[in-house]
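Descriptive analysis of the structure
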Amino acid sequence: MDLSIIIVNYETYDLTKQTIESVIKHKQPFEYDIFLVDNASKDRSIERLQEYFQKESESGLIKFILNNENKGFAYANNVALNKTTSKYVLLLNSDTMVKGNCLKDSVNYMDTHEDVGALGCKVVLPNGKLDKACRRSFPKFSVSFYKMTGLSRLFPKSKRFGRYNLTYLSEDETYEVDCIVGAFMLVRSKTIQEVGLLDEIFFMYGEDIDWCYRIKAANWKIIYYSDAKIIHYKGASTSKKQNKKLTYEFYRAMYIFYNKHYKEGYPWITTIVTYMGIWGMYGLKMFKNYIIR
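We now turn to the structure provided with this report. (Residues numbered from 1 in each chain as written. Predicted model: local features only at pLDDT ≥ 70, side-chain atom pairs only at ≥ 80, totals over all residues. Heavy atoms only, no water.)

Points about the overall build of the protein chain
Looking only at helices and strands, the protein chain features 11 helices and nine strands. For 293 residues, the compact-globule estimate of 2.2 N^0.38 gives 19 Å, and the C-alpha radius of gyration of the protein chain, at 19 Å, lies within 12% of that figure. The dimensions of the protein chain, computed from C-alpha atoms along their principal axes, are 60 × 45 × 35 Å. Relative to its 293 residues, the protein chain shows a buried fraction of 51%. Look at the contacts in the protein chain between residues 6 or more apart in sequence, and 80% of them connect residues 24 or more apart. By element, 52% of the accessible surface of the protein chain is carried by carbon and sulfur atoms, the whole surface being about 14600 Å². Of the side chains in the protein chain, 42 bear a positive and 33 a negative charge, and the two mean positions are spaced by 7 Å. (Helix = DSSP H or I, 4+ residues; strand = E, 2+ residues; numbered from the N terminus. Rg over C-alpha atoms; globule rule 2.2 N^0.38 Å. Buried < 20%, exposed > 50% of the residue type's maximum accessible area, 1.4 Å probe, protein only. Contact = heavy atoms within 4.5 Å. Areas by Shrake-Rupley, 256 points an atom, 1.4 Å probe, with all protein chains shown as cover. Lys, Arg positive; Asp, Glu negative; His and termini not counted. Charge placed at Lys NZ, Arg CZ, Asp CG, Glu CD.)

Remarks on the packing of aromatic side chains
Across all of its chains, the model carries 24 aromatic pairs by this definition. When the centroid spacing of 4.9 Å and the interplanar angle of 80° are considered together, the rings of Tyr-52 and Phe-53 count as edge-to-face. The class of Tyr-52 is partly exposed, set by a relative accessible area of 42%. Above the plane of the ring of Tyr-52 lies Lys-17, whose end atom (NZ or CZ) is 4.9 Å from the centre. (Phe/Tyr/Trp six-rings, centres within 6.5 Å; stacked < 30°, edge-to-face > 60°. Lys NZ or Arg CZ within 6 Å of the ring centre and 35° of its normal.)

Description of a positive patch on the surface
Taken together, the side chains of Lys-129, Lys-132, Lys-147 and Arg-153 present a region of like positive charge at the surface. With respect to the helices, strands and loops of the structure, Lys-132 is situated in the loop between strand 6 (116-124) and helix 6 (141-148). (Patch = residues over 30% accessible without salt bridge, like charges linked within 9 Å, V, L, I, M, F, W, Y side chains within 5 Å. Salt bridge = Lys/Arg side-chain N within 4 Å of Asp/Glu carboxyl O.)

Let's talk about helix 10 (residues 244-261)
A rise of 1.5 Å per residue sets the reference length of helix 10, with its 18 residues, at 26 Å; its end C-alpha atoms lie 26 Å apart and thus fit the reference within 8%. Those residues of helix 10 that fall on the buried side of the exposure criterion are Leu-246, Thr-247, Glu-249, Tyr-251, Arg-252, Ala-253, Ile-256, Phe-257, Tyr-258 and His-261. (Expected span 1.5 Å × (residues − 1).)

Some details on unusual backbone geometry
Despite not being glycine, Leu-166 has its phi angle at roughly 50°, a positive value. Looking at the element boundaries, Leu-166 is found in the loop between helix 7 (151-154) and strand 7 (175-176). Classification of Leu-166 by relative accessible area gives buried; the value is 6%. The backbone of Asn-219 shows a phi angle near 70°, a positive value even though the residue is not glycine.

Structure representation (structure tokens):
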């Protein structure tokens, strides 16, 4: 098998069906399969998906994995990753739509650039604007500071202040980056064997940045590939499930990533400021949600 596509479903029948259909409607010049992992959905979405894609399941194109417990996005992907034997693996969100020759062109790029460990495509929102998360720098203290203080928004074309989302670079060019987004991550299996699976300490956010950090640390390149495109219905898969836990996990991921990769390299005062920034933002977010309710 050349490519294994991993999609995690959690009570998103319509979105997941749309994502799978956007993949299988295009004939590919390579062998691929789809691992559909259900994270203990309680709305019968996985049963409905099994019924709808019964023929594809019987042919072996789609393999269903039903988890008994929701242990997070990283865990769900790892369950499938442990079962894949393909040359490449694609993490694909259940709230995306693959466009045109996205998969063919992305796999071809990896085939012809053997030093690339992971590739992300151009991710656009339904309104046609770029999902800025699809190309990022690592959240070092200075990069995060410019983001938190609004300097990155005030000076998006500045190479110094615009590093968080690389807004000073063209979205229509291909280049090496630090991070790509987990909504579309094409990763070489050889790279995964070297750096390991996703870190399951991350429940839903941050696992993609952490994986990219380890991939770069192992001297593999990470590429933003603008010639391939998907649509990302960002937030649609969690819009009905936004709660205190997800908000907490979002900021917890920042805390975990800093402690894992940066804490030892910064003075204690920087760590204190970082903690205050992370949990201060969390507090403001919770207060805002309370006021809205």
